[in-house]
Amino acid sequence: MSFLPYAVAVWLFVVGLYGIVTSRNLLHQIISLSVVQASTYVLLLAVGFRSGGAAPVFADIPTSRPAVDPVVQALSLTDIVVGATVSALLLAVAVQVHKRTGSLDPEELRRGPE
Amino acid sequence: MSPLAPLPVAVPLAGAATILCLNTLLTRRAIQALSMATVFVEVGLAAALLHQTSSGTIVYWFGGWTPRSGVALGISFAVDQLGAGGAVLAGVIAAAAVATTHRTVDDAAGVTHALLLALLAAMAGFCLTGDLFNLFVFFELMAVSAFALAAYNTRSRAALRSALNFAITNTVGAFLVLIGIALLYSRTGALNLAQIGREVATAGHADRLTVIALSALVGGFLIKAAVVPFHFWLIDTASAAPVPLAMILAGALDTLGVYAIARIYWTVFASPVAGHHHAVQAVLIAIGALSATAGGALAVTFRDPRRRLAFVMVAHTGILLIGVGCLTAQGVAGSAVYAIGDGAVKAALWAGLALLGFSRPADDAPTESELPRSRKRAGLTLLIAGALATAGLPLFATGLGKSTVEDAAAAAGYPWVMPVAFLTAALTGAAILHIAWELVRDAPRSPAIATDDQQRSWVGVFSCGAALLAVSAAASAIGQWATTAGARFVDTTGYQQRVLNGVGVLPTKATPGLHLSADGVLLDLLAVGAAIILSVAINRDTYGSLYRRVRASTLQAAVRRLHDGSIGDSATWATVGTATIALVFAMSLR
């Protein structure tokens with residue numbers, strides 16, 4: 001088993017989070033969120049991977065043949081759907097922000113003194 | 001197997017779809033009625049489920065995929081008393097939110113109702129599910145529908161910003177939860193809570209992977225619960241969100257974050273960390289106490305009523321977390337009573353603020369028009385009654401819940417929770433009373449409301465608030481139910497047997513019901529008294545100078561700057577919080 005996919009997952013999570021925290025542009029910030037999400041895809045697929053395993057479709061391969069775990073693939077698919085919804089809504093809000101303020105800088109959205 | 005189990009989720013979803021289909025055909029009034037009817041059906045179904053759970057956990061396997069020789073194959077709803085109770089609470093709060101929608105949201109259309117119903121479906125599913133991945137999906141559905149609602153008022157810059165803050169921070173939380181799920185799946189090959197619990201229990205002790213999974217899950221759910229330091233998104237959202245969403249956030253959504261921690265602890269982690277449960281206890285109680293005191297103190301020093309109420313929410317979720325953090329049946333029972341009693345009160349407080357003209361974000365100011373006298377009086381009544389309940393007046397369930405949590409904490413070796421809870425009750429009560437005194441004192445300071453607002457009837461909103469306060473008062477009578485529910489909730493093996501083997505022995509030990517002792521009543525009354533005195537002291541000009549000096553201090557300015565809605569700050573603190581939890585767990589759970 002290789003540690004590489006886990007290292008990639010951690011790297012994507014951290015670098016995406018850094019993007020969210022430091023971003024000065026809403027689109028960049030939303031894409032950073034997608035990068036964080038990409039780390040969960042990598043992690044899920046790495047968890048279910050089996051070296052030498054076939055795709056888990058047993059229509060044309062014998063059932064005794066080792067295959068990768070189909071459950072994590074289903075989880076990733078759900079995860080992608082969730083991510084698409086979140087990104088779509090966030091981008092729609094970003095469009096509204098740009099319409100209203102003419103800027104995409106999250107810092108400019110901060111509220112003034114109370 | 002009860003066929004009722006999936007209906008509290010299915011009915012609101014079907015209702016939401018129907019409303020969207022008929023949106024252009026029906027009048028606004030008809031849509032409101034349809035939405036209201038759907039919520040009432042959900043409450044009825046959840047109440048029927050709650051009734052059935054008195055004879056044990058109800059397990060429902062979707063598509064009839066029942067476990068084979070004790071191994072879960074399908075996806076299940078596992079409904080116990082607390083889960084069904086949560087679905088009822090979510091329904092009651094959603095009913096109040098839907099009922100006030102057309103009075104508090106401008107141009108509320110079918111979309112608003114569809115989003116509210118989707119949010120209700122997600123909350124119900126979150127309470128009823130017995131599957132960890134399902135829990136994540138409902139977590140995301142809650143977040144997505146709630147943040148679409150938060151962004152509903154696109155005229156307001158504050159509303160748009162807070163929706164972004166809410167969405168980004170909560171989605172990071174959801175990914176933390178998902179990472180926890182992936183790690184647990186890699187260790188156990190299971191997603192069913194009972195199955196995961198059984199697999200990790202056979203491993204004996206918590207290995208490093210399980211500890212990381214626990215930290216990620218706790219961090220993710222604490223973001224939803226919005227306790228300090230995960231609370232920044234909530235302050236921002238509550239200060240600009242439409243009133244119905246604020247009511248649901250205050251009454252149910254935050255509570256569910258704490259519920260999820262309790263659920264995963266007792267189904268999965270209770271036995272692997274059994275030898276080191278003191279560390280988990282210490283971490284949860286410390287975060288809860290920090291949240292309670294910081295939330296209470298900041299509630300008093302912030303001026304904007306909506307932000308104040310948001311800090312009260314943070315403080316009280318802290319008390320809930322302390323109750324769960326005791327890791328005993330008594331603590332869970334106390335938290336359950338507190339969640340119902342306090343959730344209803346906070347939703348009623350939002351109804352009061354809506355009556356007083358705070359239903360819009362500050363930067364979406366309406367055309368000026370004076371608040372009608374009768375409406376102002378109604379709003380102030382709700383606010384003052386709610387403030388007394390917040391401080392723990394024994395008439396309401398908040399008093400019973402709080403003193404049970406204190407007893408449970410003392411029994412677990414944390415006697416200092418008592419003064420912390422006392423201080424929190426006094427501070428939060430004073431913060432809300434002070435809003436009322438200010439509105440009474442300087443009539444001109446009360447905000448103007450839009451002319452068309454003025455013509456709308458306020459009686460509906462007031463009755464909703466009053467009904468919620470009545471729910472809180474009635475919840476004082478559920479002491480016996482709460483102890484039984486708490487005892488069954490913490491019975492890990494019973495849950496596993498019921499879900500995986502279809503048989504389960506209920507804990508037979510008779511549990512005495514919760515009731516307020518004479519000391520508890522006295523203490524609660526003292527807290528109410530302290531809240532009144534404190535609020536009057538702040539309001540009087542003689543002490544006002546000290547209060548102003550505190551508000552003008554550099555520390556306070558820094559705290560205010562921290563809460564000005566930066567998404568980066570919000571995400572940073574959530575990360576710091578989760579990392580700290582992971583560090584403490586990694587060092588102490590081995």
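Residues numbered from 1 in each chain as written. Chains lettered and ligands numbered in written order. Predicted model: local features only at pLDDT ≥ 70, side-chain atom pairs only at ≥ 80, totals over all residues. Heavy atoms only, no water.

1. Some words on the overall build of chain A
Reasoning step 1: Helix and strand counts for chain A come out as three helices and zero strands.
Reasoning step 2: Going from the N terminus to the C terminus, chain A shows its helices and strands as α-α-α.
Reasoning step 3: A globule of 114 residues ought to have a C-alpha radius of gyration of about 13 Å, yet chain A, at 19 Å, is considerably larger.
Reasoning step 4: Summarising its shape, the C-alpha atoms of chain A cover approximately 65 × 30 × 20 Å along the three principal directions.
Reasoning step 5: A buried classification covers 39% of the 114 residues belonging to chain A.
Reasoning step 6: At a minimum sequence separation of 6, the contacts of chain A that also span at least 24 residues come to 54%.
Reasoning step 7: If the 7 positive side-chain charges of chain A are averaged to one point and the 7 negative ones to another, these points end up 3 Å apart. (Helix = DSSP H or I, 4+ residues; strand = E, 2+ residues; numbered from the N terminus. Rg over C-alpha atoms; globule rule 2.2 N^0.38 Å. Buried < 20%, exposed > 50% of the residue type's maximum accessible area, 1.4 Å probe, protein only. Contact = heavy atoms within 4.5 Å. Lys, Arg positive; Asp, Glu negative; His and termini not counted. Charge placed at Lys NZ, Arg CZ, Asp CG, Glu CD.)

2. Description of the interface of chain A and chain B
Reasoning step 1: Facing 36 residues of chain A, the contacting portion of chain B comprises 44 residues.
Reasoning step 2: Counting the contacts that link chain A with chain B gives zero salt bridges.
Reasoning step 3: There are two residue pairs in polar contact (both at pLDDT 80 or more) connecting chain A and chain B.
Reasoning step 4: Looking at the side of chain A that touches chain B, the elements that each hand over two or more residues are helix 1 (4-22), helix 2 (26-48) and helix 3 (70-101) of chain A.
Reasoning step 5: Here the element with the most residues in the side of chain A that touches chain B is helix 3 of chain A; it accounts for 15 residues.
Reasoning step 6: Of the residues contributing to the side of chain A that touches chain B, the split by class is 21 nonpolar, seven polar and eight charged. (Salt bridge = Lys/Arg side-chain N within 4 Å of Asp/Glu carboxyl O. Polar contact = N/O pair within 3.5 Å; in protein donor to acceptor, adjacent residues only side chain to side chain. Nonpolar A, V, L, I, M, F, W, Y, C, P; charged D, E, K, R; others polar.)

3. Considerations on the environment of B:A33
Reasoning step 1: Relative to the helices and strands, B:A33 is located in helix 2 (residues 28-52).
Reasoning step 2: Between the C-alpha atoms of B:A33 and B:A99, which are 66 residues apart in sequence, the distance is 8.9 Å.

4. Regarding the environment of A:I20
Reasoning step 1: The residue A:I20 is located in helix 1 in this model.
Reasoning step 2: Distance in space between the C-alpha atoms of A:I20 and A:V35 is 9.7 Å, their sequence separation being 15 residues.
Reasoning step 3: Dropping the residues within four chain positions of it, A:I20 is found in contact with A:Q29, A:S32, A:L33, A:V36, B:I168, B:V172, B:G568 and B:A571.

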